[in-house]
Amino acid sequence: MTQPSSQPPSQPSRPEYDDEISLVDLAKILVRRWKALVTIFVLVVGVALAYALLMPRTYQYASIYNAAEQAPAQVSTLSPTRALEAPSSLVAKASNLYLGPLTRELIAEQGWENLPFEVTIDNPPDTLLITLSSEASPDYVEQVKALHERLLERLQQGQQQLVERRRETLQGQLESTKDSLEVLRNADSPSAGELIATYTARIAELEANLADLQEGEVNQVAVQSLEPAGTSRALIVALGLVFGAMLAIIGVFVMQFASLVRTSLKEDKS
């Protein structure tokens, strides 16, 4: 009498997937799906090229103001001319006192909600120059120029007042010293000779200080840079090529993975 079999009924065989993949397999995937590869690459590069062509070009507009100067504290051919007012103080005034009100004034005139460009105020190291710079589209060049001119005018007005006060002070000291010198020349005092020499030297110093006193000067207003500012179109296209290639390869592998998942799900249902 035959004994019943104790072995369980055989299960339908299921495909086994190998998780390991070689470079040859990767290359085969790219070759099989070359149409998708090319399509993704062309789309990404096309978007980058369209953005580069449609991107508004901006330029850097720069204005330069040379601060008022006076003679050094001690007259000497080796002593450099120094600013009548520290350039850092001028930058602080322009940034905190002048820029805000003038910006609001321009926005009200143009009917804007906000300023479509920024104004950066700086002082290059070891110079008496105050620079105003703005990056803007050529469509706003007149507005940039108007704002820069108003800022420069405020700077120049404040500097002019300092120059006038300094000139009046020096002229007053000069007149007083000359009057004292005339008195000494008519005196018979034994020490008059030494005092005359001292006052003569003082007069020469004051006259030199007056001659060295220079008003502030605007060197340029909103001069446009030769090359566009910001990211260049060539760089955008180059990045589009790189990212296009990367996304195309990644997209093909994602499509291959999705295809394998769909195939596995269909086999499970059957």
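Residues numbered from 1 in each chain as written. Predicted model: local features only at pLDDT ≥ 70, side-chain atom pairs only at ≥ 80, totals over all residues. Heavy atoms only, no water.

- An unreviewed UniProt entry lists the chain under the name Polysaccharide chain length determinant N-terminal domain-containing protein, from Litchfieldella anticariensis.
- In its Subcellular location (unreviewed entry) section, UniProt records this for the chain: "Cell membrane". (UniProt positions renumbered as here; feature names shortened; annotations may be inferred.)

### Observations concerning the overall build of the chain
In step 1: Scanning the chain for helices and strands turns up six helices and six strands.
In step 2: When the helices and strands of the chain are placed in sequence order, the string is α-α-β-β-β-α-β-β-α-α-β-α.
In step 3: For the chain, with 270 residues in total, the buried portion stands at 27%.
In step 4: Sequence-distant contacts in the chain: of pairs separated by 6 or more residues, those separated by 24 or more amount to 77%.
In step 5: Of the roughly 18200 Å² that the chain leaves accessible, carbon and sulfur atoms contribute 57%. (Helix = DSSP H or I, 4+ residues; strand = E, 2+ residues; numbered from the N terminus. Buried < 20%, exposed > 50% of the residue type's maximum accessible area, 1.4 Å probe, protein only. Contact = heavy atoms within 4.5 Å. Areas by Shrake-Rupley, 256 points an atom, 1.4 Å probe, with all protein chains shown as cover.)

### Thoughts on the side chain of Thr 103
In step 1: Along the chain, the position of Thr 103 falls in helix H3 (residues 87-110).
In step 2: In this structure, Thr 103 is in contact with Leu 115 and Leu 147, ignoring residues within four places of it in sequence.

### Looking at unusual backbone geometry
In step 1: The backbone of Asp 126 shows a phi angle near 60 degrees, a positive value even though the residue is not glycine.
In step 2: In this structure, Asp 126 sits in the loop between strand E4 (120-122) and strand E5 (129-136).
In step 3: Backbone geometry at Ala 222 places phi at a positive 50 degrees, although glycine is not the residue there.
In step 4: On the secondary structure map, Ala 222 appears in strand E6 (residues 217-224).
In step 5: Ala 222 gets classed as buried once you look at its relative accessible area, which sits at 11%.

### So, the packing of helix H1 (residues 23-32) against helix H6 (residues 233-269)
In step 1: At a minimum axis distance of 10 Å, the contact between H1 and H6 shows a crossing angle of 95 degrees. If you check the angle between H1 and H6, you find them roughly perpendicular. Judged by residue contacts, Leu 26, Ile 29 and Leu 30 of H1 engage Ile 249, Val 252, Phe 253 and Gln 256 from H6. (Axes fitted to C-alpha atoms, helices over the stretch in contact; angles between N-to-C directions. Parallel < 35°, antiparallel > 145°, perpendicular 65-115°, else oblique.)

### Things to note about the nonpolar core
For soluble globular proteins, the rule of thumb is that nonpolar side chains tend to be buried together.
In step 1: Ranked by internal contacts, the top residues of the largest apolar core, which has 25 residues, are Phe 117, Val 119, Ile 121, Ile 130, Leu 151 and Leu 155.
In step 2: Counting residues per element, the ones that place at least two in this core are strand E1 (59-66), H3, E5 and helix H4 (141-185).
In step 3: By residue number, the principal contributor to this core is H3, which donates seven residues.
In step 4: For Ile 121, the contacting residues outside a window of four places in its chain are Val 91, Ala 94, Ser 95, Leu 99, Ile 130, Thr 131 and Leu 132.
In step 5: Grouped together as the second largest cluster of nonpolar side chains are six residues, Leu 170, Leu 174, Leu 181 and Leu 206 included. (Core = buried A, V, L, I, M, F, W, Y, C linked by side-chain atoms within 4.5 Å.)

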